[in-house]
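What follows is each chain in one-letter form.
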Amino acid sequence: MLQIIKLTVNGKPCEIAVDRRWSLAEALRQALGLTSVKKGCEVGECGACTVLVDGKAVDSCLYLALWAEGKSVVTVEGLKSGDNDLHPIQKAFIEECAVQCGFCTPGLIMSAVEIVGEGRVYSRDELRKLLSGHLCRCTGYENILNAVERAVREING
Amino acid sequence: MFDFENIVLAASVEEAVAALSANEKAIVISGGTDVLIKIREGKLAGCDLVSIHDIPELHGVRLTEDGCIHIGPTTTFAELTNSPVIMERIPVLGRAADTVGGPQIRAMGTVGGNISNGVTSADTATTLLNLEAELTLTSPAGERRVNVNDYYLGAGRVCLDHAELLTDICVKPENYQGFGGCYIKYAMRNAMDIATLGTSCLVKPGKGGVIDTLRLAFGVAAPVPMRARNTEQALTGKSYAEALEEIAGLVRGEITPRTSWRASREFRLQIAGENARRALEAAWAEAGGEV
Ligand SMILES: Cc1cc2nc3c(=O)[nH]c(=O)nc-3n(C[C@H](O)[C@H](O)[C@H](O)COP(=O)(O)OP(=O)(O)OC[C@H]3O[C@@H](n4cnc5c(N)ncnc54)[C@H](O)[C@@H]3O)c2cc1C
Ligand code: FES
Ligand code: FES
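### Digging into the site of ligand 1
- Neighbouring residues of ligand 1: 36 residues in total, closest Val28(B), Ser30(B), Thr33(B), Thr110(B) and Asp123(B).
- This site is not confined to one chain, since residues near ligand 1 come from chains A and B.
- Here an oxygen atom of ligand 1 and a side-chain polar atom of Asn114(B) are 3.0 Å apart.
- Side-chain polar atom of Asp123(B) to a nitrogen atom of ligand 1: 2.7 Å apart, as the coordinates give it.
- Of all the secondary-structure elements, those providing two or more residues to the shell around ligand 1 are strand E2 (26-29), helix H2 (35-41), helix H7 (111-116) and strand E10 (165-171) of chain B.
- A class-by-class count of the residues in the shell around ligand 1 yields 18 nonpolar, 13 polar and five charged.

Written as structure tokens, this is what we have:
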């Protein structure tokens, strides 16, 4: 049941052998060791598995690995810059104490990457809506909102 | 790992319907946000899949010269909401799509899947009923057209034969030009929640502030999304003021929602009447009707 798929992950073209029944989350974790991609609910409710596919934030637990053929996938591992510095969005999460246990953080950061990539600023209500596909079991929502607001302001403001 | 047996990744409609007719067990998967959940729950465990996820001809929104708007069934909710054609001509449909789940689900779930799963709470279904969308169903034998109002057979069932694929959702100009619209999703949470009751209204104002055409549909008021045709008829030709006055009572006399763990029948009746009135008000304003 293995199949080779070709895709770009974090900017690098790669070929991986996936089980045809794998979710993209499983392929990223098991074939590529990208463990920033968390498996929380595995039914599209929590957003912990969020990655970008061709620039769009999707739940990788509800996305077949086979569908990623020919597409470009970005995970938190892909945010690292050449000098191994953190991405400004990651820094904003640290500045605003938006990380408690950290389980929801990679998914939220990938949604934030999509949001910031729109190149505009948002009201707090708009940001609430844009982040509504994530659950934080530590319930640190205010600081998470503050962090995304800060990142948007610093990068697009 | 998902518990399915085989999967065919169809590259064209032809390939997809051929794969379906070759395998009686095969199920269509589009965005997968229902099918993959059902596989996880075990309801579809062990099934075979035919994926239409990446068939270019099934994707995107197109306006043709005759004013028809063709919506490819694999168009995602987010793509529908952000489509310039939809924003300009049927903004109510884009707003309805924008109430589904959360952002990631809206980037994955498709409008074709939303009506083909036969679910009463589907957030785009009521507006498509009001728009009298014409569906194209394609099988190895050819194509047939079905009005979306005739698509639903019962809870979870639509009139697709096994080897048939929904390949186009067409909205004709006479069903959107001059109309204003409003969709109200009543749910416990503002996001990531299924509708307790969905209300969609389209209205076209006539001369002298009367209702020229009214279309009203509800989700979760019956086993499948439904039009409130008696209410529509009773209010046609009435003044806007009269319609606003009478709509709630007419709706409560027409629909027969059930009690579920989400809400009681009485509560659903209450909000159906009230939201019909509010939806008419907003739709009338959007259409620029006289007040
Ligand atoms: C976390 C979560 C939240 C959700 N919230 C909402 C919500 O708020 N509102 C809402 O309405 N829905 C919601 N849903 C349900 C789901 O996202 C939608 O119904 C969506 O439209 C399904 O589309 P899909 O392409 O993902 O469907 P799929 O799972 O791919 O398919 C759904 C059904 O339609 C059939 N099908 C799909 N396309 C075709 C076609 N072209 N021809 C023939 N048959 C076809 C499939 O065989 C299957 O039976 C939610 C789902 C999840 C997981
Ligand atoms: S693990 Fe994918 S949404 Fe929860
Ligand atoms: S920080 Fe623990 S789940 Fe969000």
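Read on, since the account is not over.
### Focus: the packing of helix H2 (residues 88-95) of chain A against helix H3 (residues 105-117) of chain A
Residue and element names in this part refer to chain A.
- Closest axis-to-axis distance for the H2/H3 pair is 10 Å, and the angle between their directions is 125 degrees. Looking at the two axes, H2 sits oblique to H3. The handedness of the crossing between H2 and H3 comes out as right-handed. Every residue of H3 that contacts H2 at Ile-89, Gln-90 and Phe-93 is listed here: Thr-105, Leu-108, Ile-109, Ala-112, Val-113 and Val-116.
- Tallied by class, residues from the contact of H2 with H3 come to seven nonpolar, two polar and no charged.

### Brief notes about the domain arrangement of chain A
All names here are of chain A.
- Partitioning chain A into structural domains gives domain 1 (2-77) and domain 2 (88-156).
- In this complex, domain 1 contributes 17 residues to the contact, which on the side of domain 2 involves 12 residues.
- Across the interface of domain 1 and domain 2, roughly 1100 Å² is buried in total on both sides, 67% from carbon and sulfur atoms.
- One can count zero salt bridges joining domain 1 with domain 2.
- Here domain 1 is connected to domain 2 by four residue pairs in polar contact (both at pLDDT 80 or more).
- It is strand E3 (residues 50-53) that contributes the most residues to the side of domain 1 that touches domain 2, three residues altogether.
- In terms of residue class, the side of domain 1 that touches domain 2 is built from seven nonpolar, six polar and four charged.

### Section: helix H10 (residues 240-254) of chain B
Residue and element names in this part refer to chain B.
- The end-to-end C-alpha distance of H10 is 20 Å, a good match for the 21 Å that 15 residues give at a rise of 1.5 Å each.
- Along H10, the helix axis deviates most sharply at Glu-246, where the bend reaches about 45 degrees.
- Among the residues making up H10, those that are buried are Tyr-240, Ala-243, Leu-244, Ile-247, Ala-248, Val-251 and Glu-254.

### What to know about the interface of chain A and chain B
- At the junction of the two partners, chain A supplies 29 residues and chain B supplies 27 residues.
- Note on chain A versus chain B: buried area summed over both sides is about 2500 Å², and carbon and sulfur give 63% of it.
- It is Arg21(A), Leu62(A) and Trp67(A) that lose the most area in chain A upon contact with chain B, and together they represent 29% of the buried surface on that side.
- For Asp98(B), the salt bridge goes to Lys129(A), with nearest N and O atoms at 2.2 Å.
- Scanning the region where chain A abuts chain B turns up 10 residue pairs in polar contact (both at pLDDT 80 or more).

### Quick word on the pairing of strand E12 (residues 197-205) of chain B
Residue and element names in this part refer to chain B.
- Most of E12 sits inside the fold, with seven of its nine residues counted as buried.
- Pairing geometry for strand E11 (residues 180-186) and E12, over seven bridges, is antiparallel. By the bridge assignment, Gly-180 is partnered in E12 with Val-203.
- Where E12 lies against strand E13 (residues 211-219), eight bridges are found, and the strand directions are antiparallel.

### Considerations on the packing of aromatic side chains
- If you walk through the whole model with that rule in mind, you get four aromatic pairs over all chains.
- Centroid distance Tyr63(A) to Trp67(A): 5.5 Å. Interplanar angle 85 degrees. Geometry classified as edge-to-face. Here Tyr63(A) matches Trp67(A) in class, with each residue buried.
- Seen from their ring centres, Tyr240(B) and Trp284(B) are 4.4 Å apart, and the 5 degrees between their planes marks the pair as stacked.

Cut-off values and rules
Residues numbered from 1 in each chain as written. Chains lettered and ligands numbered in written order. Predicted model: local features only at pLDDT ≥ 70, side-chain atom pairs only at ≥ 80, totals over all residues. Heavy atoms only, no water. Near = heavy atom within 4 Å. Polar contact = N/O pair within 3.5 Å; in protein donor to acceptor, adjacent residues only side chain to side chain. Helix = DSSP H or I, 4+ residues; strand = E, 2+ residues; numbered from the N terminus. Nonpolar A, V, L, I, M, F, W, Y, C, P; charged D, E, K, R; others polar. Axes fitted to C-alpha atoms, helices over the stretch in contact; angles between N-to-C directions. Parallel < 35°, antiparallel > 145°, perpendicular 65-115°, else oblique. Left-handed = near helix turned anticlockwise from the far one by under 90°. Contact = heavy atoms within 4.5 Å. Domains from an automatic or database assignment. Buried area = accessible area lost by both parts, 1.4 Å probe. Salt bridge = Lys/Arg side-chain N within 4 Å of Asp/Glu carboxyl O. Expected span 1.5 Å × (residues − 1). Bend = angle between axes of the 7 residues up to and from the residue. Buried < 20%, exposed > 50% of the residue type's maximum accessible area, 1.4 Å probe, protein only. Pairing = 2+ DSSP bridges. Phe/Tyr/Trp six-rings, centres within 6.5 Å; stacked < 30°, edge-to-face > 60°.

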